[in-house]
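Observations on chain architecture
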Amino acid sequence: MEAHEIVNQVQEAFKKLASQMSKLFGKTSEWYNSHGREPKTQNPIQSGNVSPVTHYMQFARQYEAAQNGAGKMLNRRVYEELEMEFTADSADSAATEQKEHHASVLKESFDVLDGLNKKEFTECSSSELTALEEEAAQLRDVASDLVSHLRAIRKLRGVK
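What you see is a predicted model, and the numbers here were worked out from it, not measured in a lab.

Before going further, it helps to spend a moment on the overall build of the chain. Looking only at helices and strands, the chain has six helices and zero strands in total. Going from N to C terminus, the chain has its helices and strands arranged as α-α-α-α-α-α. The principal-axis extent of the C-alpha atoms belonging to the chain is close to 85 × 40 × 25 Å. Considering the chain as a whole, with its 160 residues, one finds that 18% of them fall into the buried category. The long-range share in the chain, meaning contacts at least 24 apart out of those at least 6 apart in sequence, stands at 34%. Put simply, the chain shows about 12600 Å² of open surface, and 57% of that area lies on carbon and sulfur atoms. In the chain, 20 side chains carry a positive charge and 25 a negative one; their mean positions are 8 Å apart.

This is how it looks when you write it as structure tokens:
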């Protein structure tokens, strides 16, 4: 598959990509769209620009031509580096969301405990006791999940 076909597939999957790139980096969206078309260097009738993806693929092919395995290694290393970079960004976002979730769970838990503490259980009906028992069980499950998560983080850090 040619580089412009790969770029075209990505642009088809993410329809607003060219306009977002244009806003971020100051080139027209048409300039970014043109990278998804066959470049003039291959077909003079087309208007596509040679994309950075084309240059990267040519570079990796040159490495491979110079020495077997060099192009593969370059491609693998670039992939691994970008994967770590993109995963780190999403991990930071996920960590923030997780903190917010734990904070809301703790707040709700304290509200439930406060409400339970003010109740006189001997005066509750059977259905109220069942509802309170369910609420307490949910609270226990959430607390257990939080404890498990904290233990997993400690193990990853090598802390006992």
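Let us keep going from here.
A word on a negative patch on the surface. Judged by side-chain charge, E108, E133, E134 and E135 come together as a negatively charged surface patch. Top element by residues in the negative patch is helix α6 (residues 126-157). It accounts for three residues. Relative to the elements of secondary structure, E134 occurs in helix α6.

A word on the packing of aromatic side chains. Per the stated rule, a full pass over the model turns up two aromatic pairs. Ring geometry for W31 and Y32: centres 5.0 Å apart, planes at 85°, overall edge-to-face. Since its relative accessible area comes to 11%, Y32 is described here as buried. A cation sits over an aromatic face here: K27 above W31, 4.3 Å from the ring centre.

Glancing now at the confidence of the model for the chain. When pLDDT is averaged along the chain, the result is 82, and 94% of the positions lie at 70 or above. Of all the helices and strands in the chain, helix α5 (residues 70-118) carries the lowest mean pLDDT, 77, while helix α4 (residues 52-66) carries the highest, 90.

Look at helix α1 (residues 3-13) against α4: their axes get within 8 Å of each other, and the N-to-C directions meet at 135°. In terms of orientation, α1 and α4 fall into the oblique class. Relative to α4, the crossing made by α1 is right-handed. Here A3, I6 and V7 of α1 lie close against α4, whose contacting residues are V53, T54 and M57. Of the residues contributing to the contact of α1 with α4, the split by class is five nonpolar, one polar and no charged.

Now for α1. Inspection of α1 places A3, H4, V7 and Q11 among the buried residues, and these make up the whole buried set. Seen from one end, α1 has its buried residues packed into an arc of 95°, which puts them on one side. Looking at the packing, one finds that the buried side of α1 touches α2 (17-25), α3 (29-34) and α4.

With that settled, consider the side chain of S34. By the secondary structure assignment, S34 is in helix α3. Exposure remark for S34: the relative accessible area of 3% places this residue in the buried category. A polar atom in the side chain of S34 sits 2.6 Å from the backbone oxygen of W31. Setting aside residues up to four positions removed in sequence, S34 forms contacts with S47, G48 and N49.

Attention now goes to the nonpolar core. Grouped together as the largest cluster of nonpolar side chains are five residues: V112, L116, C124, L132 and L139. Beyond its immediate stretch of four places on either side in the chain, V112 contacts E135 and L139.

So, on to the environment of A60. Mapped onto the secondary structure, A60 falls in helix α4. Taking the C-alpha atoms as reference points, A60 and S104, 44 residues apart in sequence, are found 49 Å from one another. With sequence-adjacent residues up to four places away left out, A60 is seen in contact with G71 and L74.

Definitions and cut-offs
- Residues numbered from 1 in each chain as written.
- Predicted model: local features only at pLDDT ≥ 70, side-chain atom pairs only at ≥ 80, totals over all residues.
- Heavy atoms only, no water.
- Helix = DSSP H or I, 4+ residues; strand = E, 2+ residues; numbered from the N terminus.
- Buried < 20%, exposed > 50% of the residue type's maximum accessible area, 1.4 Å probe, protein only.
- Contact = heavy atoms within 4.5 Å.
- Areas by Shrake-Rupley, 256 points an atom, 1.4 Å probe, with all protein chains shown as cover.
- Lys, Arg positive; Asp, Glu negative; His and termini not counted.
- Charge placed at Lys NZ, Arg CZ, Asp CG, Glu CD.
- Patch = residues over 30% accessible without salt bridge, like charges linked within 9 Å, V, L, I, M, F, W, Y side chains within 5 Å.
- Salt bridge = Lys/Arg side-chain N within 4 Å of Asp/Glu carboxyl O.
- Phe/Tyr/Trp six-rings, centres within 6.5 Å; stacked < 30°, edge-to-face > 60°.
- Lys NZ or Arg CZ within 6 Å of the ring centre and 35° of its normal.
- pLDDT = per-residue confidence, 0-100.
- Axes fitted to C-alpha atoms, helices over the stretch in contact; angles between N-to-C directions.
- Parallel < 35°, antiparallel > 145°, perpendicular 65-115°, else oblique.
- Left-handed = near helix turned anticlockwise from the far one by under 90°.
- Nonpolar A, V, L, I, M, F, W, Y, C, P; charged D, E, K, R; others polar.
- Arc of directions from axis to C-beta.
- Polar contact = N/O pair within 3.5 Å; in protein donor to acceptor, adjacent residues only side chain to side chain.
- Core = buried A, V, L, I, M, F, W, Y, C linked by side-chain atoms within 4.5 Å.

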